[in-house]
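If you want the building blocks of each chain, they are given just below.
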Amino acid sequence: MACPPHNRSTDLRFFLTSCAALGLLFTGAAYAADPCADHIPQEKPQNTSRDIVGQEMDVLQDQGHMLFAVYEDYPPYSWEEAGKPRGVDIEIARIIAEDLGVEARFNFVSAGENLESDLRNNIWKGAIIGGRISNVMMRIPYDSAFKCRVEQVVFTGQYAAESVAIAYDKASYPDEKPVPAYFRFDTVAVENDSIADFYLSSFAGGQLSGKVQRFPNMVEAMAALNAGETKAAMGPLGQLEHGLTKKTDVHQPPLAGFAVSKWTLGVAVNFSYRPLSYAVDDAINYALQDGRIAKIYENYGLTFQQPER
């Protein structure tokens, strides 16, 4: 079994950083190793004086704004339209900034080799060339086992969950909605090298691989479905819902052998600034309790899935 490459759209990249961790994708797999067992720790975070840590909130409020790292060209979560930031993560970031009494500004970033490099480049160290450190990074998959891999980051503010689903052409499936076994005969679109691609290509000993159509992103995969070029598409529910038309629909059938078809999303903050991480977590918690985050998903035509907090 080969290690699949990094892909932003899965939101599960932390599971794909070593072959030993691949056992977490499938129930009954022969992999039971600790995902941190073969990991070489990054450089330890330096001790930061209490004065510096305590001043971070003051600095943000004095300057009147804070910077959020969000993934570029990533609808429905974060993208630019006519020069203006749009998306679910953009609106949630604005809620956080408003609660802290500052303006939200955005650094649109591309996905790196893996989640660790994204966090290193955007939260605690910066890219070698032209890197910018942000106060908060959005849409970070939360997993307790992963925290040992990146000690320079606080993982907090769980604000939603995401899950794998199947979108389909309603005319092609008037009676029964498709499940993975259908794709032995019917075509299905996926984002190239995504977790859906890996799952379908490995399902039933590779019997579906000939019907899997791969696209650079889920926007193009859904466009192919809506154009009738494929009968179905598989990927994160939010991205599928964002691309639906009157001809298409989406559902979430049981996925045989798939152990991590749903995951929790949160934010990342630099280890040195725990007071900021507490304030961000509080802002998200308030917005969950009063329904503002659920309303954002509704406004974008998406299903809100509660995070595990």
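Up top is the structure.
The following paragraphs examine the structure supplied in this document. What you are looking at is a predicted structure, and each value in this text was computed from that prediction instead of being measured.

Another aspect to go through is the nonpolar core. Among soluble globular proteins, nonpolar side chains are generally buried collectively. Judged by nonpolar contacts, the single largest core of 57 residues is most densely connected at F68, M138, Y159 and M234. It is helix α2 (residues 88-100) that provides the largest number of residues to this core, a total of eight residues. Among the domains, domain 1 (57-162 + 264-300) and domain 2 (163-251) are the pair contributing at least three residues each to this core. By size, the runner-up hydrophobic cluster in this structure holds 15 residues, among which are Y77, V109, V150 and V153.

This part is about the packing of aromatic side chains. Across all of its chains, the model carries nine aromatic pairs by this definition. When the ring of Y168 is compared with that of Y173, the centres are 6.3 Å apart and the planes differ by 85°; the resulting orientation is edge-to-face. No difference in accessibility class separates Y168 from Y173, as the two residues are buried. Here Y199 and F203 contribute two aromatic rings whose centre-to-centre distance is 5.6 Å and whose plane-to-plane angle is 55°, an arrangement assigned as tilted. Of the two residues, Y199 and F203, neither departs from the other in class, the shared state being buried. A connected cluster of aromatic rings, assembled from ring pairs, spans Y71, Y74 and Y77. Taking NZ or CZ as reference, R139 lies 3.6 Å from the ring centre of Y77, over its face.

What follows concerns helix α8 (residues 292-299). Inspection of α8 places I293, I296 and Y297 among the buried residues, and these make up the whole buried set. Around the axis of α8, the buried residues are gathered within 95° of arc, so they sit on the same side. Away from its buried face, by an angle of more than 90 degrees, α8 presents the exposed residues E298 and N299. Where α8 is buried, its residues meet α2, β5 (136-142), β6 (153-169) and α7 (274-289). Of the residues one or two after α8, G301 is the one with positive phi, at around 75°.

For the bond from P75 to P76, the omega torsion is 10°, close enough to zero to count as cis. By the secondary structure assignment, P76 is in the loop between β1 (65-71) and β2 (79-81). Even without being a glycine, R139 presents a positive backbone phi close to 55°. Mapped onto the elements of the fold, R139 is located in strand β5. According to the relative accessible area criterion, R139 is buried, its value standing at 0%. At D193, a position not held by glycine, the phi torsion is positive, near 65°. Checked against the element boundaries, D193 lands in the loop between β7 (188-191) and α4 (195-202).

Within the fold, N226 resides in helix α5 (residues 218-226). Along the primary structure N226 and K247 are separated by 21 residues, whereas in three dimensions their C-alpha atoms are 6.8 Å apart. Sequence-distant contacts of N226, that is, excluding residues within four places in its chain, are made with G243, T245, K247 and T248. For N226, the side chain forms a polar contact with the main-chain oxygen of G243, separated by 2.7 Å. A polar contact is formed between the side chain of N226 and the side chain of T245, at a distance of 3.1 Å.

Criteria and cut-off values
- Residues numbered from 1 in each chain as written.
- Predicted model: local features only at pLDDT ≥ 70, side-chain atom pairs only at ≥ 80, totals over all residues.
- Heavy atoms only, no water.
- Core = buried A, V, L, I, M, F, W, Y, C linked by side-chain atoms within 4.5 Å.
- Buried < 20%, exposed > 50% of the residue type's maximum accessible area, 1.4 Å probe, protein only.
- Helix = DSSP H or I, 4+ residues; strand = E, 2+ residues; numbered from the N terminus.
- Domains from an automatic or database assignment.
- Phe/Tyr/Trp six-rings, centres within 6.5 Å; stacked < 30°, edge-to-face > 60°.
- Lys NZ or Arg CZ within 6 Å of the ring centre and 35° of its normal.
- Arc of directions from axis to C-beta.
- Contact = heavy atoms within 4.5 Å.
- Polar contact = N/O pair within 3.5 Å; in protein donor to acceptor, adjacent residues only side chain to side chain.

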